Amino acid sequence: MGLGACLLGLLALCVVGRCSYSPEPDQQRTLPPGWVSLGRVDPEEELSLTFALRQQNLERLSKLVQAVSDPGSPRYGKYLTLEDVAELVRPSPLTLRTVQKWLLAAGARNCHSVITQDFLTCWMSVRQAELLLSGSEFHRYVGGPAETHVVRSLRPYQLPKALASHVDFVGGLHRFPPTSSLRQRPEPQVAGTVGLHLGVTPSVIRGRYNLTAQDVGSGTTNNSQACAQFLEQYFHDSDLAEFMHLFGRHESQEPFLQWLLLLSNESALPPVHTASYGDDEDSLSSAYIQRVNTEFMKAAARGLTLLFASGDSGAGCWSTSGRHQFRPSFPASSPYVTTVGGTSFKNPFRVTSEVVDYISGGGFSNVFPRPSYQEEAVAKFLSSSPQLPPSSYFNASGRAYPDVAALSDGYWVVSNRVPIPWVSGTSASTPVFGGILSLINEHRILNGRPPLGFLNPRLYQQHGAGLFDVTRGCHESCLNEEVQGQGFCSGPGWDPVTGWGTPNFPALLKTLINP
C-alpha cells in the first residue's frame with residue numbers, strides 16, 4: 001500500500017476519533033468582541049490553509065543567535081544568510097514527503113512553500129478542509145472598523161497521530177485579524193502660547209531626540225527598513241504627499257516618514273494570514289507562540305532588528321475565579337524582539353522631558369522565562385522599586401518588557417488627505433525608534449560595520465547608554481481595590497514601562513557605532 005493510501009486510511013480512522021491528536025489544545029476559540037457570524041460557509045467555497053511544518057536544529061539556531069548578537073563573541077555581527085537559515089531549519093525529507101502526500105491525497109491543490117520550506121500553504125474546498133481537519137466547522141465572520149470578512153472555525157480541530165512529529169499547527173482557522181490600537185485623544189488644554197508646539201510631527205521628534213538637519217539617510221542601497229502590518233491598512237500616495245506638504249522636510253531620506261508608512265510588501269515574519277499579532281499570551285496556543293518566536297530567532301540570525309509595540313493597554317488585566325492578573329501581550333513579550341513602550345511630554349505643548357504614557361504596555365511574560373541578557377537589570381528593578389504591584393499579579397521570573405520607549409502621544413497623521421491631530425499609541429513610538437536605529441545602521445554600514453541585528457544583548461550590556469531615562473509615571477491596569485488602576489511605575493534605570501528610556505540620537509550613535 002502506498003503512503004498516500006495509507007494516510008487516507010489513517011484520516012478515515014481519525015474522523016471517528018480513533019487515532020487523532022490536537023495540535024493546539026490550549027488555543028482559545030472565542031469570538032473576539034465586535035465580530036459576528038454570518039453563518040456556515042458554502043461547502044464548495046475555496047479557502048487557503050497554512051501548515052506549519054516541524055523545523056530542525058532549533059537549539060543550534062538559538063546558540064547561533066546568541067553568538068552573532070553578543071558584542072563579546074568572536075562571531076558578533078557575522079550573520080547567516082537566508083539560505084544558511086533555510087539549510088539549518090528546513091524540515092526533514094520525511095516530514096516534507098509525509099505532509100505533501102497527505103495533503104495531495106486529501107485533494108489539496110495549488111500548494112506553495114517558502115524558502116525555508118517550513119510553511120506550506122494550500123487551497124481546498126471547505127468540504128475538503130472539514131474532512132482534513134476533523135472537528136472543524138467553517139463560518140463566515142464580519143467585524144472590525146473596516147467590516148472585514150473572514151472565514152474561520154471556532155471549533156477544535158484534530159490531525160492524524162501519524163502527523164504529530166511533522167505538523168506544529170494549522171493557520172487560518174482560529175485567529176482573527178487584530179484591530180488598530182491607535183486612538184485619538186482630546187486636545188490638551190493649556191494657557192499661554194509662547195514656545196509651544198501643536199502636536200508631534202517629524203520636526204518635534206527631531207528636536208526632542210537631538211537630530212540635526214544633516215541626520216538623514218544617504219540613500220545607500222545596503223540599508224533598508226520595512227514596517228510589517230497585519231491590519232489590512234495601507235498608505236496612499238496622496239496621503240503621503242499631503243503629509244509631506246504639511247509637515248515634511250525637503251530631504252527625501254526622512255527616516256521617520258518612511259517608517260510611519262504601513263508597508264505590507266516585505267516581512268521577515270510568517271505568512272500574514274496565519275498571524276494575529278498583538279494578542280494576549282493567554283489567548284494563543286503555546287504551539288503558535290513558540291513557532292512565531294522561532295521566526296523571530298530566524299530573523300535575528302540574519303542580522304535583522306525586529307521591533308514591536310508594547311501595546312496600548314497598560315499592564316492589561318484579566319480576572320478568573322475572583323483572581324486578578326496582568327495580561328502580557330504577544331509578541332511584545334518575545335525575548336527575540338526589541339519592544340518599544342510609549343511616553344508623553346511632561347507638558348503636552350512643549351518639547352520638554354518625557355513621562356510615562358499611561359497606555360504604554362509592559363510587564364512580565366507568563367510563557368517565556370527571563371533571558372540571561374536582562375537578568376541583572378530586571379533583578380535590580382524588582383529589588384529596588386518602591387511600589388510594585390502584588391506578586392500574584394505578574395510572573396516575576398518571566399521575560400520583562402519593554403526594552404526601550406519613544407513618544408507615543410499627540411501625533412499628527414493624514415488619512416484620506418485629512419490631517420488628524422492627537423493620535424496616540426505605541427504603534428507610533430515603535431517606528432520612530434526604528435527610524436533612529438536605521439540611521440545608526442546607515443553610519444555603521446558606511447564605516448564598514450555590519451548592521452546592529454538583534455539589539456537586546458548589547459542594549460542591556462551597555463545599561464541603556466545613549467538613552468534618556470524616563471523616571472516619572474505609571475501605566476494603567478486593573479480597576480480594583482488592590483491596585484486601583486495602577487500597574488508598574490517607571491524609575492531610574494530599566495523598568496517595565498519605558499525600558500531603558502527614549503533615544504538621544506548623538507549619544508546613542510556614539511554608543512552603537514562600534515564595534
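That block above? That's the structure.
Residues numbered from 1 in each chain as written. Predicted model: local features only at pLDDT ≥ 70, side-chain atom pairs only at ≥ 80, totals over all residues. Heavy atoms only, no water.

Peer 1: Account for the overall build of the protein, with residues named and values stated.
Peer 2: In terms of regular secondary structure, the protein is built from 13 helices and 26 strands. In the protein, buried positions account for 53% of the 515 residues. Contacts in the protein between residues at least 24 apart in sequence constitute 78% of all its contacts with a sequence separation of at least 6. In the structure as shown, the protein presents an accessible area of about 22100 Å², 53% of it carried by carbon and sulfur atoms. (Helix = DSSP H or I, 4+ residues; strand = E, 2+ residues; numbered from the N terminus. Buried < 20%, exposed > 50% of the residue type's maximum accessible area, 1.4 Å probe, protein only. Contact = heavy atoms within 4.5 Å. Areas by Shrake-Rupley, 256 points an atom, 1.4 Å probe, with all protein chains shown as cover.)

Peer 1: Let's hear about empty space enclosed by the protein: which residues, and what values?
Peer 2: Within this structure, the stated rule accounts for one cavity of 30 Å³ or more. Volume-wise, the largest cavity comes out at about 70 Å³. Around the largest cavity, the lining comprises 13 residues; the ones closest to its centre are Phe-326, Pro-328, Phe-364, Tyr-393 and Phe-394. Considering every element that reaches the lining of the largest cavity, the biggest residue donor is strand S18 (residues 363-369), with three residues. By residue class, the composition of the lining of the largest cavity is seven nonpolar, five polar and one charged. (1 Å grid on protein atoms, 1.4 Å probe; cavity = no way out; pocket = protein on both sides within 12 Å on 5 of 7 lines; lining within 4 Å. Points joined across faces, edges and corners; volume = space filled by probe spheres on them. Nonpolar A, V, L, I, M, F, W, Y, C, P; charged D, E, K, R; others polar.)

Peer 1: Can you break down the state of the cysteines residue by residue, with the values?
Peer 2: Where two cysteines share a covalent bond between their sulfur atoms, that bond is called a disulfide. The full count for this structure, using the stated rule, is three disulfides. Residue pairing for Cys-111: its cysteine sulfur links by disulfide to Cys-122, the two sulfurs lying 2.0 Å apart. An S-S torsion of about 115° defines the bridge between Cys-111 and Cys-122 as right-handed. Placement of Cys-111 in strand S4 (residues 109-113) and of Cys-122 in strand S5 (residues 119-125) is noted, with a sequence separation of eleven residues between them. Classification of Cys-122 as buried rests on a relative accessible area of 0%. Sulfur-sulfur distance for the disulfide between Cys-317 and Cys-478 comes to 1.9 Å. The disulfide joining Cys-317 to Cys-478 has a torsion of about 110° about its S-S bond and is therefore right-handed. Here Cys-317 is found in the loop between strand S12 (307-309) and strand S13 (318-320), whereas its partner Cys-478 is found in the loop between strand S24 (474-476) and strand S25 (486-489), with 161 residues between them in sequence. Relative accessible area serves as the criterion here: at 2%, Cys-478 is assigned to the buried category. (Disulfide = S-S within 2.5 Å.)

Peer 1: Can you break down the nonpolar core residue by residue, with the values?
Peer 2: Counting residues in hydrophobic clusters, the biggest one holds 100 residues, and the most contacted among them are Leu-49, Phe-51, Leu-103, Met-124, Leu-133, Phe-138 and Ile-440. The dominant element in this core, judged by the number of residues it contributes, is helix H9 (residues 286-301), at eight residues. Both domains that meet at this core, namely domain 1 (20-55 + 90-171) and domain 2 (202-254 + 267-513), each give it at least three residues. Leave out the neighbours within four places in its chain, and Met-124 touches Glu-45, Glu-46, Leu-47, Leu-49, Phe-51, Ala-108, Arg-109, Ala-129 and Leu-132. (Core = buried A, V, L, I, M, F, W, Y, C linked by side-chain atoms within 4.5 Å. Domains from an automatic or database assignment.)

Peer 1: Outline the pattern of salt bridges, supporting the account with residue identities and numerical values.
Peer 2: Summed over the entire model, instances satisfying the criterion amount to 21 salt bridges. Note that Glu-44 is salt-bridged to Arg-127, the shortest N-O span being 2.5 Å. On the criterion of sequence distance, the pair formed by Glu-44 in the loop between strand S2 (35-40) and strand S3 (46-53) and Arg-127 in helix H5 (residues 126-132) is long-range, its members being 83 residues apart. Using a relative accessible area of 47% as the deciding quantity, one classes Glu-44 as partly exposed. The exposure class assigned to Arg-127 is partly exposed, which follows from its relative accessible area of 44%. The salt bridge involving Glu-46 is made with Arg-109; its shortest N-O contact spans 2.4 Å. Of the two residues, Glu-46 is situated in strand S3 and Arg-109 in strand S4; the sequence distance between them amounts to 63 residues. Exposure remark for Arg-109: the relative accessible area of 31% places this residue in the partly exposed category. (Salt bridge = Lys/Arg side-chain N within 4 Å of Asp/Glu carboxyl O.)

Peer 1: Which residues make up the pairing of S5, and what are the values?
Peer 2: Burial analysis of S5 places six of its seven residues in the buried class, which makes it a mostly covered element. The sheet contact formed by S4 and S5 spans three bridges and is antiparallel. Residue pairing across strands places Ser-113 opposite Leu-120, the latter belonging to S5. From the end of S4 to the start of S5, which pair antiparallel, there are five residues, and Gln-117 there has a positive phi angle of about 60°. (Pairing = 2+ DSSP bridges.)

Peer 1: Go over the layout of surface pockets, please, and point to the residues and values.
Peer 2: In this approach the atoms are scanned with a rolling probe the size of a water molecule, which exposes any empty space left behind. Its boundaries defined by the atoms lining it, the second largest pocket holds a volume of some 420 Å³. Taken together, 19 residues form the lining of the second largest pocket, with Gln-66, Pro-371, Ser-372, Tyr-373 and Pro-457 sitting closest to its centre. Elements with a contribution of two residues or more to the lining of the second largest pocket: helix H2 (58-69), S18, helix H10 (375-384) and helix H12 (456-461). Looking at the lining of the second largest pocket residue by residue, the class counts come to twelve nonpolar, four polar and three charged.

Peer 1: Give a detailed account of the sheet that holds S4, specifying residues and quantitative values.
Peer 2: With respect to topology, four strands assemble into an open sheet ordered S4-S5-S3-S9, the strand pairing being antiparallel. Edge strands, defined here as strands with exactly one partner in the open sheet, are S4 and strand S9 (167-171). The mean angle between the axes of side-by-side strands here comes to 20°, regardless of whether they run parallel or antiparallel. Judged from the four bridges that link them, S3 and S9 form a sheet pairing that is antiparallel. The partner of Ala-52 across the bridge, within S9, is Phe-169. Helix H4 (residues 93-105) contacts S3, S5 and S9 of the sheet and is inclined by roughly 160° relative to S3. The strands that H9 touches are S3, S5 and S9; relative to S9, the one it contacts most, it runs at about 95°. (Axes fitted to C-alpha atoms, helices over the stretch in contact; angles between N-to-C directions.)

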